[in-house]
Amino acid sequence: IPSGAYISGGFGTNSISVIFGATGGDISVVAHNSVGSSVSSAALTVSVTGAPPAPGSVTGADTVCSGAMSESYSVGAVAGATSYEWTLPYGAYLMSGFGTNSVTINFGSATGAVCVKSQNACGSSSPTCKVVVVKSQPATPGVITGSTEFCFAASGVDFSISPVPGATNYNWTVPSGATFTGGGTTAISVDFGTASSGYICVSAGNSCGTSTPQCLAISVGSIPDTPGLISGPDTVCTIADIQNYTIMPVIGATSFNWTVPSGAVITTGAGTNVITVDFASTDGEVCVQASNSCGISDFRCMD
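In this text, all values refer to a predicted model and were calculated from it rather than measured experimentally. (Residues numbered from 1 in each chain as written. Predicted model: local features only at pLDDT ≥ 70, side-chain atom pairs only at ≥ 80, totals over all residues. Heavy atoms only, no water.)

(A) Fine view of the pairing of strand 15 (residues 169-173). The alternating pattern of strand 15 places Tyr170 and Trp172 on a buried face, while none of Asn169, Asn171 and Thr173, on the opposite face, is buried. Note that strand 15 and strand 18 (residues 198-206) share five bridges and pair antiparallel. Within strand 18, the residue paired with Trp172 across the bridge is Val202. (Buried < 20%, exposed > 50% of the residue type's maximum accessible area, 1.4 Å probe, protein only. Helix = DSSP H or I, 4+ residues; strand = E, 2+ residues; numbered from the N terminus. Pairing = 2+ DSSP bridges.)

In structure tokens, the structure reads:
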């Protein structure tokens with residue numbers, strides 16, 4: 001038997017058991033009896049092999065999207081290997097190539113290692129692994145920071161969000177008639193131009209997809225219209241004549257600026273659409289303007 005091997009059973013018979021060492025070689029047999037020994041048999045050459053070596057580097061994507069299908073991974077063929085055993089991240093499974101050195105994998109949502117061992121009848125190698133990062137489309141951005149009320153044609157108005165983990169770009173939309181700078185980032189500056197009220201929205205994106213949008217309702221105001229006709233007497237007595245004057249409410253107005261003839265006093269209702277005036281002895285006009293944070297209208301007067 002080869003060097004390093006020994007007969008563990010059947011010594012002296014026509015059937016033996018051999019435990020091999022690390023070296024292969026020839027096995028031959030001679031028959032004996034009381035007269036003598038035969039010529040040695042033809043040799044049987046035995047090769048001694050062990051478990052195959054570990055595969056080389058795993059080839060395939062380092063990063064995939066959650067739920068990715070049919071991603072290919074492979075290793076070079078290993079001398080002496082008769083099959084390959086793959087292990088995958090949680091939730092992933094082999095789509096094809098089971099037992100071979102080239103597989104396709106369907107991924108779940110978990111990051112983990114793609115590993116492979118080479119195998120033969122003598123055992124398995126140590127594993128070779130590649131960590132594969134599984135990423136998802138980003139979450140919806142958080143609350144948009146910025147004011148919600150503006151005057152018509154306001155410019156340079158800033159809006160922002162906090163960075164979203166895993167996002168590589170940000171998609172902003174603004175009301176029709178508005179324009180913005182800073183697209184693709186977490187902050188923009190908006191020129192409202194001819195825009196009316198609407199929504200500022202942003203979604204977060206990466207190579208795996210785009211989130212649902214986060215939106216902020218905004219109101220674009222303008223200088224209020226000139227008030228309508230003033231209701232009230234156009235002739236009063238000269239001394240201590242107290243009269244009421246009224247206009248209809250003006251859309252968008254937050255206050256009203258009244259003027260009265262010299263010597264007359266607004267006793268109640270200043271800033272509202274209904275006032276009470278205590279007249280003196282001087283003729284003149286009763287006038288009113290509508291105002292808000294965007295400006296003041298033209299006067300409406302009553303002689």
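Moving on, there is more to tell.
(B) Inspection of the sheet that holds strand 6 (residues 71-74) at higher detail. Taken in spatial order, the three strands line up as 6-9-8 in an open sheet, and their pairing is antiparallel. One side of each edge strand has no neighbouring strand; the edge strands of this open sheet are strand 6 and strand 8 (93-96). Across the sheet, the axes of successive neighbouring strands diverge by a mean angle of 45 degrees, strand direction being ignored. Where strand 6 lies against strand 9 (residues 102-106), four bridges are found, and the strand directions are antiparallel. Along strand 9, the bridge assignment pairs Glu71 with Ile105. (Axes fitted to C-alpha atoms, helices over the stretch in contact; angles between N-to-C directions.)

(C) Region of the structure containing the side chain of Ser291. Residue placement: Ser291 occurs in strand 25 (residues 286-292). Residue classification places Ser291 among the buried positions, given a relative accessible area of 7%. Here the side chain of Ser291 touches Ser255 through a polar contact of 2.6 Å, side chain to side chain. When sequence neighbours within four positions are dropped, the list of residues in contact with Ser291 reads Pro224, Ala253, Thr254, Ser255, Asn257 and Ile296. (Polar contact = N/O pair within 3.5 Å; in protein donor to acceptor, adjacent residues only side chain to side chain. Contact = heavy atoms within 4.5 Å.)

(D) Representation of unusual backbone geometry within the structure. Of note, the phi angle at Ser70 is positive, near 55 degrees, even though the residue is not glycine. Within the element layout of this structure, Ser70 appears in the loop between strand 5 (63-65) and strand 6. On the basis of relative accessibility, which here comes to 42%, the residue Ser70 falls in the partly exposed class. Backbone geometry at Ala153 places phi at a positive 70 degrees, although glycine is not the residue there. Within the secondary structure, Ala153 is located in the loop between strand 13 (149-151) and strand 14 (157-160). For Ala153, a relative accessible area of 42% puts it in the partly exposed group.

(E) Quick peek at the nonpolar core. Counting 21 residues, the largest nonpolar core has Phe159, Trp172, Val190, Phe192, Ile200 and Ile218 as the members making the most contacts within it. Mapped by element, the contributors of at least two residues to this core are strand 14, strand 15, strand 17 (187-191), strand 18 and strand 20 (214-221). Counting residues in hydrophobic clusters, the runner-up holds 16 residues, among them Val58, Tyr73, Ala92 and Ile105. (Core = buried A, V, L, I, M, F, W, Y, C linked by side-chain atoms within 4.5 Å.)

(F) Local environment of the packing of aromatic side chains. For the structure on display, the rule yields five aromatic pairs. Centroid distance Tyr73 to Phe107: 6.0 Å. Interplanar angle 65 degrees. Geometry classified as edge-to-face. Of this pair, Tyr73 sits in strand 6 while Phe107 is found in the loop between strand 9 and strand 10 (112-120), placing the two residues 34 residues apart along the sequence. Taken individually, Tyr73 and Phe107 each receive the classification buried, so the pair is uniform in this respect. Between Phe150 and Phe159, the aromatic rings sit 5.8 Å apart at their centres with planes inclined by 70 degrees, giving edge-to-face as the arrangement. As far as the burial class goes, Phe150 and Phe159 line up, both buried. Each member of the aromatic cluster is reached from another via a ring pair, and the members are Phe150, Phe159 and Phe192. (Phe/Tyr/Trp six-rings, centres within 6.5 Å; stacked < 30°, edge-to-face > 60°.)

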